[in-house]
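Coordinates in review
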Amino acid sequence: MNTFISMQAGEPENGSKAGEPFGFAPEGERDERSLPSCCLSVKKIDYTISERVGPWWDLPSFGKRWTRQILNDVSFHVDSGQIMGILGNSGSGKTTLLDAISGRIGDCGELSGEVFVNGTKLKRDEYQDCFSYVLQSDNLLSYLTVEETLTYTAQLALRKHSAKAIKKKVLAVMSELSLGHVAHSVIGGRVFPGISGGERRRVSIASQLLQDPRVILLDEPTTGLDSMTANQIVVLLAELARRNRIVIVTIHQPRSELFRVFSRIAIMSRGELVFCGQPQEMVDFFSQCGYECPEYCNPFDIYVDFTSVDTRSGEREAATFSRMHEITASYQKSTIYDSMLGKVEQSLQRADKPAIPFKSKESPGAATKLEVLLRSADVGPYTPRPRGGVPAFVCICAFVCVCRRTARNLSRDRMGVLMRLSQNLIYGLFVAFFVMRLDNDVIKGAVQDRIGIIYQSIGASPYTGMLNAVALFPALRAISDQESQDGLYSKWQMFLAYIFHILPFSILSVFIFTSFLYWTVGMNPDSLRFLCYSAVVLVPHIIGELLTVVLLGVFHDPNMVNTGVALLNIAGILVGSGFLRGTQQMPTVFQWLSYLTFQKYSCELLIVTEFHGLNFTCNSSSPLPGACIITAGDQIIDEGYPGALSRFTLDFVLLYSFLPALLLLGMISFKIRDRLARH
């Protein structure tokens, strides 16, 4: 094994010279007698979950449950200035361990154990303020530049009194992570190119550094990156650790050159900590156990293989499981393990314990956070408003910020904005092409065609809103889930920001649709009636998108939400519109249910708007019996919607009351989602 230690590597990314022999990261370049400024101790972490034995279609086994151990008696200690790499095969419990340490594991299982920072036990509500957690996936806004992304995060996380202070902080973080050369490059996404994968990962790390965390957790930051970029990321993290931070990272298949970068290395298998110590200690430990690393082999790969359980066959699983437990038992009897426990006890028994180094908690109020969410693309001068300024913000700032965001988005996502504004118009083209021109002759479909247009206007509008929400909101929801767990804002604030964002698009899109369809097909030629028609059609479109967003706060799968909104819309048309069956002829229970549908009020309003005061002709030499009974539009109102004329204003009020009701329901939905994620 000593042959490997003296093996020379190519030129590493941290600037050391080629040909420099492998070394090991020291415990710290400080005086050994001095205590670290920060230390993290994890003691006896256990986590179990209860799972069903079989799938839902196998009822006998589905009714039975079994308990699975995810983490088993995990303990370790890390000092500031150190970077610890956690290795292990898939399913070994690496990510679950980070979730447990950071307090993000939720209540889906039973978690026990203790986490100490500077010898003080953390409370559950303190985890969020102590640790910064970089997830495996980079959830970033595609159309923002790197500098705008970091400025956006800084405005949410820090209370600064001028744009100059925020910009100084952002520039410092970009310099620390070598992002200055891409400061004005857009993040990019699947639709259009942007910065590279490694740069995206550094932006995610930079977003966490804005709050000056002392403990940084990273879940597989090298996943999806090439070998050289992955090496650069780990070397960068080691540099961050040397600046008096604790960095803990889970990693898959690191390069052998990184062997000397890590201060401590932990290996996990089947939820157990098989080894945790310095790189040199790991080499000596496995050699003493009889598992030496062959010459010219990557010790990371070899030692992970030695501690992994092979499940390809029962015999191999039993043999490798026994080997893993043998190594674990040897580690728990070693001086390395005893030394680690001694450090934990030393930090706990220290009389003058340093204070817990919480992240910067200079966070603006709820109204200011919502303003930042709305103007996330605007990085001009920014001064947080006082906490008592909510009414002024709601009345003035929200509309101004929506206009700013709309203007910025129009210049960046032109195709997306064009499709959102034109989708209703495209549908209107199909309807207008099919109907061509309305006639007043009953024999030529004067009544049927008008009812058909009303049906399409009310029935199709929610679907376009639903499609917009399903396409756009899941990505924003993923970002809000991550940033709310970072303590930047609550999920309901992102919900409100999205609603304010869609309002101008919805109004403009519907107005384009109604302006074209109403006058092209020749509906009742009255300007006031046209405005009523537009105002009524607007509500189903907004409700379709609003209802979809509300359900996306409860259900994670967009396809399930898509199906649910479609079924609710169909049910509302059947029960509330009165087109399939008159309201008076329906059973009493359905008559009562119709009052809970927005289709009832919107259909009544459009029927009155179109048919009131309208006269029909019946030009036929031999009309069918009963064909010319209807001579006036008021007959349609009296027969199908009795009393609709007297309820016109009330119907308008009730129709628009669905919007604040759904808005309130959405806030409750996302508050519940926020609470469930934190507990």
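Since the model is a prediction, treat every value here as computed from it, not as a measurement. (Residues numbered from 1 in each chain as written. Predicted model: local features only at pLDDT ≥ 70, side-chain atom pairs only at ≥ 80, totals over all residues. Heavy atoms only, no water.)

**Concerning the packing of helix H16 (residues 446-485) against helix H19 (residues 558-576)**
Running from N to C, H16 and H19 cross one another at 165 degrees; their axes reach a closest spacing of 10 Å. Judged by the angle between their axes, H16 and H19 are roughly antiparallel. H19 is crossed by H16, and the crossing has right-handed handedness. Two secondary-structure elements touch here, H16 through Tyr455, Ile458, Gly459, Pro462, Tyr463, Met466, Val470 and Pro474 and H19 through Pro558, Asn562, Val565, Ala566, Asn569, Ile570 and Ile573. Of the residues that constitute the contact of H16 with H19, the class distribution is 12 nonpolar, three polar and no charged. (Axes fitted to C-alpha atoms, helices over the stretch in contact; angles between N-to-C directions. Helix = DSSP H or I, 4+ residues; strand = E, 2+ residues; numbered from the N terminus. Parallel < 35°, antiparallel > 145°, perpendicular 65-115°, else oblique. Left-handed = near helix turned anticlockwise from the far one by under 90°. Contact = heavy atoms within 4.5 Å. Nonpolar A, V, L, I, M, F, W, Y, C, P; charged D, E, K, R; others polar.)

**Side note on the sheet that holds strand S4 (residues 110-117)**
To summarise the sheet geometry, strands pair through backbone hydrogen bonds and adopt either a parallel or an antiparallel arrangement. The four strands are arranged S2-S1-S4-S5 in an open sheet whose pairing can be described as antiparallel. At either end of the open sheet lies a strand with only one pairing partner, and these are strand S2 (65-79) and strand S5 (120-121). When strand S1 (residues 39-52) meets S2, the two strands line up antiparallel, connected through 11 bridges. Directly across from glutamate 51, in S2, lies its bridge partner tryptophan 66. Sitting on the sheet, helix H3 (residues 94-102) is in contact with S1, S2 and S4, with an inclination near 70 degrees to S2. Set on the sheet, helix H12 (residues 335-349) makes contact with S1, S2 and S4; between it and S2 the angle comes to about 75 degrees. (Pairing = 2+ DSSP bridges.)

**Here we look at the packing of helix H18 (residues 527-552) against H19**
Close contact between H18 and H19 brings their axes to 10 Å; oriented N to C, the two are set at 135 degrees. By the angle between their directions, the pair H18 and H19 is classed as oblique. For the pair H18 and H19, the sense of crossing is right-handed. Facing H18, whose interface residues are Gly544, Leu547, Thr548, Leu551 and Leu552, H19 presents Pro558, Val561, Val565 and Leu568. Tallied by class, the residues present in the contact of H18 with H19 amount to seven nonpolar, two polar and no charged.

**What about the sheet that holds strand S7 (residues 215-219)?**
In spatial order, the strands read S6-S7-S8-S3-S9-S10; together these six strands make up an open sheet with mixed pairing. Only two strands of the sheet have a single neighbouring strand rather than two, namely strand S6 (131-134) and strand S10 (272-277). Within the sheet, the average angular offset between the axes of one strand and its neighbour, ignoring direction, is 15 degrees. Looking at chain direction, S7 and strand S8 (residues 246-250) are connected through five bridges and run parallel.

**With respect to the nonpolar core**
Counting residues in hydrophobic clusters, the biggest one holds 175 residues, and the most contacted among them are Leu40, Phe76, Phe131 and Ile248. Those residues within four positions of phenylalanine 131 in sequence are excluded, and the remaining contacts are Leu40, Ile101, Ser102, Val115, Val117, Leu122, Val215, Leu217 and Lys359. (Core = buried A, V, L, I, M, F, W, Y, C linked by side-chain atoms within 4.5 Å. Buried < 20%, exposed > 50% of the residue type's maximum accessible area, 1.4 Å probe, protein only.)

**Here we look at unusual backbone geometry**
At asparagine 118, a residue that is not glycine, the phi angle is positive and equals roughly 55 degrees. Along the chain, asparagine 118 falls in the loop between S4 and S5.

**Observations concerning the packing of aromatic side chains**
The tally for this structure, following the rule as stated, stands at 26 aromatic pairs. Measuring from ring centre to ring centre gives 5.1 Å for tyrosine 518 and tryptophan 519, while their planes differ by 75 degrees; the resulting arrangement is edge-to-face. Taken together, the ring pairs connect Phe275, Phe285, Phe286, Tyr303, Tyr331 and Tyr337 into an aromatic cluster. For lysine 600, the ring lying beneath its charged end belongs to tyrosine 595, and the centroid distance is 4.8 Å. (Phe/Tyr/Trp six-rings, centres within 6.5 Å; stacked < 30°, edge-to-face > 60°. Lys NZ or Arg CZ within 6 Å of the ring centre and 35° of its normal.)

**As for the pairing of strand S3 (residues 83-87)**
Buried residues dominate S3, accounting for five of its five residues. Where burial is concerned, the two faces of S3 agree: the one with Ile83, Gly85 and Leu87 and the one with Met84 and Ile86 are both buried. With four bridges connecting them, S3 and S8 associate as parallel partners. Pairing of glycine 85 across the sheet is with valine 249, part of S8. Note that S3 and strand S9 (residues 264-269) share four bridges and pair parallel. Its bridge partner being in S9, leucine 87 is matched across the sheet by isoleucine 267.

**A look at the side chain of serine 308**
Summarising the element assignment, serine 308 is placed in the loop between helix H10 (299-307) and helix H11 (314-332). The class of serine 308 is buried, set by a relative accessible area of 13%. A distance of 2.5 Å separates a polar side-chain atom of serine 308 from the backbone oxygen of valine 304. In this view, serine 308 contacts Asn89, Ser269, Thr320 and Arg323; residues no more than four positions away in its chain are not counted. (Polar contact = N/O pair within 3.5 Å; in protein donor to acceptor, adjacent residues only side chain to side chain.)

**Regarding the pattern of salt bridges**
On inspection of all chains with the given rule, the structure shows 20 salt bridges. Three or more residues joined by partner-sharing salt bridges are found here, namely Glu176, Arg243 and Arg245. (Salt bridge = Lys/Arg side-chain N within 4 Å of Asp/Glu carboxyl O.)

**Focus: helix H6 (residues 163-176)**
Given a rise of 1.5 Å per residue, 14 residues ought to cover 20 Å, and the 20 Å separating the end C-alpha atoms of H6 matches this to within 8%. Looking at H6, one finds that the buried residues are Ile166, Lys169, Val170, Val173, Met174 and Glu176. For H6, the arc enclosing every buried residue in end-on projection is 160 degrees, short of the 170-degree limit, so these residues lie on one face. More than 90 degrees from the buried face of H6, the exposed residues found are Lys164, Lys168 and Ser175. Those residues of H6 that are buried lie in contact with helix H5 (146-157), helix H7 (197-209) and helix H8 (227-242). Positive backbone phi, at 55 degrees, marks serine 178, one or two positions downstream of H6. (Expected span 1.5 Å × (residues − 1). Arc of directions from axis to C-beta.)

**Things to note about H19**
With 19 residues, H19 extends 26 Å from end C-alpha to end C-alpha; this agrees with the ideal 27 Å at 1.5 Å per step. Of the surrounding elements, those touching the buried residues of H19 are H16, H18, helix H20 (588-594) and helix H21 (598-611). One or two residues past the end of H19 sits glycine 578, with phi positive at roughly 80 degrees.

**Let's talk about a nonpolar patch on the surface**
Together, Met415, Leu418, Met419, Ile426 and Phe430 make up an exposed nonpolar region whose accessible area comes to about 540 Å². With respect to the helices, strands and loops of the structure, phenylalanine 430 is situated in helix H15 (residues 414-435). Residue phenylalanine 430 is classed as exposed on the basis of its relative accessible area of 59%. (Patch = residues over 30% accessible without salt bridge, like charges linked within 9 Å, V, L, I, M, F, W, Y side chains within 5 Å. Areas by Shrake-Rupley, 256 points an atom, 1.4 Å probe, with all protein chains shown as cover.)

Remember, this is a structural readout, not a statement about activity or role.
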